[in-house]
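Examining the three-dimensional arrangement
Listed below, chain by chain, are the residues.
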Amino acid sequence: MAVFRRLVEADGTPLAGPPGQWQPVDLTCWPDQVPGAGRTLTMAMIREAFHDTDFTVASVNIQPEGDVTLVNLPTYFEVVFPDDGFGPDEVDRPDPARLLGYAVEVRPRLKSVTYHLGERTIGPTTDLGGPHPDGSVVHTYTSPGEHEVRADIVYTGQFRVGGSGWIDIPGQVALPGEPVTLSVREARSRLYTN
């Protein structure tokens, strides 16, 4: 744990200028032995609050629409984050009672997406894909069939206390995406006479 200090007046207000600003002192493996340490907010508490976040589970939008495509037709994929839960860069505010009364904010950060497309896996990447014709996650199926398609998400996290700067939370959370069944069909050409 990093130890910081600042000089304060007798009433607890910080001194003016650099002496009253937080200064790094050192690192310690025994934070409970630092002078003035009492019940303190720990990174373990922050990590637990992060892992308890109601993360949004990504789904995949497929074009052509209707979850049906054709053999040899480029098919476009795009990650969609539903409104339920907390997605990348959305701020969760855990109950302060769980965190010693501190106003802690936690936000998930997108680390990677892995697309499982049945015939192929793309990723891990940070590319969220997109619709036709400019989407960058594209696959052309070579044979008819049914494929379970999903986008798995890996989140890292950041937190801040009382409006401070954002600090990285060690670790990550991996969530499998909501699967969609994609039907790949074969179009047959026929000539008709009138």
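The notes below deal with the structure included here. (Residues numbered from 1 in each chain as written. Predicted model: local features only at pLDDT ≥ 70, side-chain atom pairs only at ≥ 80, totals over all residues. Heavy atoms only, no water.)

Quick word on a negative patch on the surface
For clarity, the threshold we go by: Note on patches: the residues involved have over 30% relative accessible area and no salt bridge, like charges join within 9 Å, and the nonpolar side chains Val, Leu, Ile, Met, Phe, Trp and Tyr join within 5 Å. Only the protein chains shown count as cover for residues, and all accessible areas are computed by the Shrake-Rupley method using a 1.4 Å probe. Salt bridge criterion: a side-chain nitrogen from Lys or Arg within 4 Å of a carboxyl oxygen from Asp or Glu. His is not counted here, nor are the chain ends, while Lys and Arg score as positive and Asp and Glu score as negative. We put the charge of a Lys on NZ, of an Arg on CZ, of an Asp on CG and of a Glu on CD. Helix numbers and strand numbers start at the N terminus; a helix is a DSSP run of H or I with at least 4 residues, a strand a run of E with at least 2.
Judged by side-chain charge, D54, D83, D84 and E90 come together as a negatively charged surface patch. With respect to the helices, strands and loops of the structure, D54 is situated in the loop between α1 (43-51) and β3 (59-63).

Re the nonpolar core
Here is the rule we go by: Here, nonpolar core refers to any group of buried Ala, Val, Leu, Ile, Met, Phe, Trp, Tyr and Cys residues whose side-chain atoms link them within 4.5 Å. Only protein chains enter the accessibility calculation, which uses a 1.4 Å probe. A residue is then buried if its area is under 20% of the maximum for its type, exposed if over 50%, and partly exposed in between.
Ranked by size, the top nonpolar core spans 30 residues in total, and within it F77, Y115 and V149 carry the most contacts. Elements with a contribution of two residues or more to this core: α1, β3, β5 (74-80), β6 (104-116), β9 (145-161), β10 (167-175) and β11 (180-185). At 5 residues, the largest contribution of residues to this core is made by β9.

Observations regarding the sheet that holds β3
Note the cut-off: DSSP-based pairing: two strands are paired if at least 2 bridges between them are found. For helices, the axis comes from a line fit to the C-alpha atoms of the stretch in contact; other axes are also lines fit to C-alpha atoms, and the angle between any two N-to-C directions lies between 0 and 180 degrees.
Strand order across the open sheet formed by 3 strands is β3-β5-β8, with antiparallel pairing between neighbours. Of all the strands in the sheet, the pair left with one neighbour each is β3 and β8 (138-140). Shown here is a sheet whose adjacent strand axes are inclined to one another by a mean of 30°, direction ignored. Judged from the 5 bridges that link them, β3 and β5 form a sheet pairing that is antiparallel. Paired with S59 across the strands is V80, a residue of β5.

Quick notes on the environment of R47
Applied cut-off: In what follows, residue pairs with any heavy atoms lying within 4.5 Å of each other are defined as contacts.
Checked against the element boundaries, R47 lands in helix α1. Looking at R47, the relative accessible area reads 36%, which means it is partly exposed. A C-alpha to C-alpha distance of 24 Å links R47 and R5, two positions 42 residues apart in sequence. Each residue touching R47, except ones within four places of it in the same chain, is listed here: I169 and P170.

Concerning the packing of aromatic side chains
In plain terms, the rule: Aromatic rings from Phe, Tyr and Trp, taking only the six-membered ring of Trp, are treated as a pair when their centres fall within 6.5 Å; an angle between ring planes under 30 degrees marks them as stacked, one over 60 as edge-to-face, and anything in between as tilted. Our definition puts a charge over a ring when NZ of Lys or CZ of Arg is within 6 Å of the ring centre and also within 35 degrees of the ring normal.
The final tally for this structure, using the stated rule, is 2 aromatic pairs. Each ring, one from F50 and one from F55, has its centre 5.3 Å from the other, and the planes form 85°; the classification is edge-to-face. Grouping residues by exposure puts F50 and F55 together as buried. Judged by centre distance (5.1 Å) and plane angle (15°), the ring pair of F55 and Y155 falls under stacked. Of this pair, F55 sits in the loop between α1 and β3 while Y155 sits in strand β9, placing them 100 residues apart in sequence. Each member of the aromatic cluster is reached from another via a ring pair, and the members are F50, F55 and Y155. The residue whose ring lies beneath R107 is W166, and the NZ or CZ to ring-centre distance is 4.1 Å.

Regarding the side chain of Q158
For the record, the criterion: Here a polar contact means two N or O atoms within 3.5 Å. Within protein one must be a hydrogen donor candidate and the other an acceptor candidate, and residues neighboring in sequence count only if both atoms are side-chain atoms.
Tracing the sequence through the fold places Q158 in strand β9. A distance of 2.6 Å separates polar atoms of two side chains, one belonging to Q158 and the other to R107. At a separation of 2.9 Å, a polar atom in the side chain of Q158 contacts the side chain of D168. Once residues within four sequence positions are removed from consideration, Q158 is found in contact with E105, V106, R107, R109, W166, I167, D168 and I169.

Some remarks on the pattern of salt bridges
For the structure shown, the criterion picks out 6 salt bridges. Between D52 and R98 there is a salt bridge, with the nearest N and O atoms lying 2.9 Å from each other. Here D52, found in the loop between α1 and β3, pairs with R98, found in the loop between β5 and β6; they are 46 residues apart in sequence, far enough to count as distant. Residue R98 is classed as partly exposed on the basis of its relative accessible area of 39%. For D89, the salt bridge goes to R109, with nearest N and O atoms at 2.5 Å. Placement of the pair is D89 in the loop between β5 and β6 and R109 in strand β6, with a sequence separation of 20 residues. A relative accessible area of 30% places R109 in the partly exposed class. Through salt bridges with shared partners, one network takes in E48, D52 and R98.

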